[in-house]
Structure formats: C-alpha cells, structure tokens
Amino acid sequence: MNILHNGTVIKQLDHVDRQAVINQLNEVIHHISQQGQVVQTIMIDGNDVTGEMETYIEANYDRINTITVESINPDEMIEEIYSATIEYLQRIHQATETISDAFYGEVTDEAWGMLAQLSEGLNFAVQSMQLVAEHRKEKYSDRVLFDEWVQFVQVVEAQVAEINQSIQKQDTVAIGDMIRYELGSSVSKILAVMKTRVQ
C-alpha cells in the first residue's frame, strides 16, 4: 500500500494493520499541516474520502492499494475561493431577476422555494467572502475589501429584514421589488468591488 502526497510516493506500507495505516496517514496530514499546507482532498483508490478516511479504511482495509493526499498552500486556496465566490455571486445576481419575476402575479410554491435557495446562497456567499476578506486584510493589508464586505453584510441584512416584513404582510410585489432592485443592486456592487481587487 502506498501513500502519495501531490503525486509523489512518500510512504510504502507493507503488512500493517488498519490502525497503523490510519496512524501513518494522520502523521502525513500532520506533516503537511506543519509545512503550512492545507489538505484539499484525500483519495483512496480513486474514491474521495475526505472527512471520512478512518471509516473508509476500517471498512475497506483489505482492498486498499493507494492513498493520495492532495494539498495546496493557503494563498492558493483563498484565491480558488475568491474566484468561486465571484462566480457564485454572478449566479446569485442573475437569480435575483428570475426570482423577482416569480413574485409579480400569482406566487407559487416554487417561487417560495427559490427564495429559500436564494437566502441559502447569500449566506454561503457571505461566509466565503468573510474568509477571503479577512485573509486579504491580514496578508495584504487590504482593508478596502474587508470594509466593503462589512458594508455589504449590513446592507443585505437590512434588505432581508425588509423582505421578511413584506412576507409577513404578504406583499409579494414588494418582495419582488426588493429582490430585483435592492438585493440585486447590492450583489452587483460587491461583485464590481471583488472583480477590481483580483490580483
């Protein structure tokens, strides 16, 4: 059985028990972390077992040939998150138009479901942006993105509160307007800031 790190064999294990394999793999992960790298994925014979490697090893020990650990440095990880967040925010911006249309006229269960998905998507985007903004503030002294993120969160929280009030009043036109004109505008603004700050 081989353990690879970013394509290079770093351990060959012969005639060891399950726990020894788990211990060796944990040592490899610890060593990667000590070198300032972040484990991105753990693959066993082509299966992604990130987050569940011990369970997988326990169940499949007799059939394991190759364990592959892929890692990147934190800056690369943040840049990947940054790019993915921009793409995600672009989809959210497009969704604000589609979803808002669903609130003009008779509102269906599908429209309410799309609004719930929009809410989840915004929450995910805000968390990703926080990670990126804090990293850039610390690494590059980039307060501008951090301050824009704080402002975006405050504005979006106020807009979501207004949408919730309109939901309670069952004012679907106001919901559509808030999504399209207010929320869409806020997402567009933070997107513009993020695109101009790409290094």
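Placed above this text is the structure.
Now for a description of the structure that goes with this document. (Residues numbered from 1 in each chain as written. Predicted model: local features only at pLDDT ≥ 70, side-chain atom pairs only at ≥ 80, totals over all residues. Heavy atoms only, no water.)

**Notes on the pattern of salt bridges**
- Evaluated as defined, the whole model comprises five salt bridges.
- The closest approach of N and O atoms between Lys139 and Asp75, which form a salt bridge, is 3.0 Å. Taken together, the positions of Lys139 in helix α4 (residues 109-140) and Asp75 in helix α3 (residues 74-101) put the pair 64 residues apart, joining distant regions of the chain.
- We classify Asp75 as partly exposed; its relative accessible area is 25%.
- What you see here is one network of salt bridges that share partners, running through Glu79, Arg136 and Asp142. (Salt bridge = Lys/Arg side-chain N within 4 Å of Asp/Glu carboxyl O. Helix = DSSP H or I, 4+ residues; strand = E, 2+ residues; numbered from the N terminus. Buried < 20%, exposed > 50% of the residue type's maximum accessible area, 1.4 Å probe, protein only.)

**A short note on the packing of aromatic side chains**
- Inspection of the entire model under this criterion finds three aromatic pairs.
- Here the aromatic rings of Tyr88 and Phe124 are separated by 5.0 Å at their centres, their planes lie at 70°, and the arrangement is edge-to-face. Of this pair, Tyr88 sits in helix α3 while Phe124 sits in helix α4, placing them 36 residues apart in sequence.
- Seen in terms of ring centroids, Phe146 and Trp149 are 5.7 Å apart; in terms of plane orientation they differ by 45°. Their pairing is tilted. Here Phe146 and its partner Trp149 are both found in helix α5 (residues 143-169), three residues apart, which amounts to about one turn of the helix. For the pair Phe146 and Trp149, a shared accessibility class is recorded, and that class is buried.
- Lying over the aromatic face of Phe146, Lys137 brings its terminal NZ or CZ to 4.0 Å of the ring centre. (Phe/Tyr/Trp six-rings, centres within 6.5 Å; stacked < 30°, edge-to-face > 60°. Lys NZ or Arg CZ within 6 Å of the ring centre and 35° of its normal.)

**Regarding the nonpolar core**
- Grouped together as the largest cluster of nonpolar side chains are 33 residues, with contacts concentrated most on Leu89, Phe103, Leu118, Leu122, Phe152, Ile179 and Met194.
- Elements with a minimum of two residues in this core: α3, α4, α5 and α6 (172-196).
- Excluding residues that lie within four positions of it along the chain, Met194 makes contacts with Tyr82, Thr85, Ile86, Leu89, Met129 and Leu145.
- By size, the runner-up hydrophobic cluster in this structure holds 17 residues, among which are Ile32, Ile44, Met53 and Ile67. (Core = buried A, V, L, I, M, F, W, Y, C linked by side-chain atoms within 4.5 Å. Contact = heavy atoms within 4.5 Å.)

**Some thoughts on unusual backbone geometry**
- Phi at His15 is positive, roughly 55°, even though this residue is not glycine.
- Turning to its location among the elements, His15 is positioned in the loop between β2 (8-12) and α1 (18-34).
- Since its relative accessible area comes to 86%, His15 is described here as exposed.
- Of note in the backbone geometry, Asp45 takes a positive phi value of approximately 50° without being a glycine.
- Here Asp45 lies in the loop between β3 (38-44) and β4 (47-48).

Everything listed is a geometric property; what it means functionally is a separate question.
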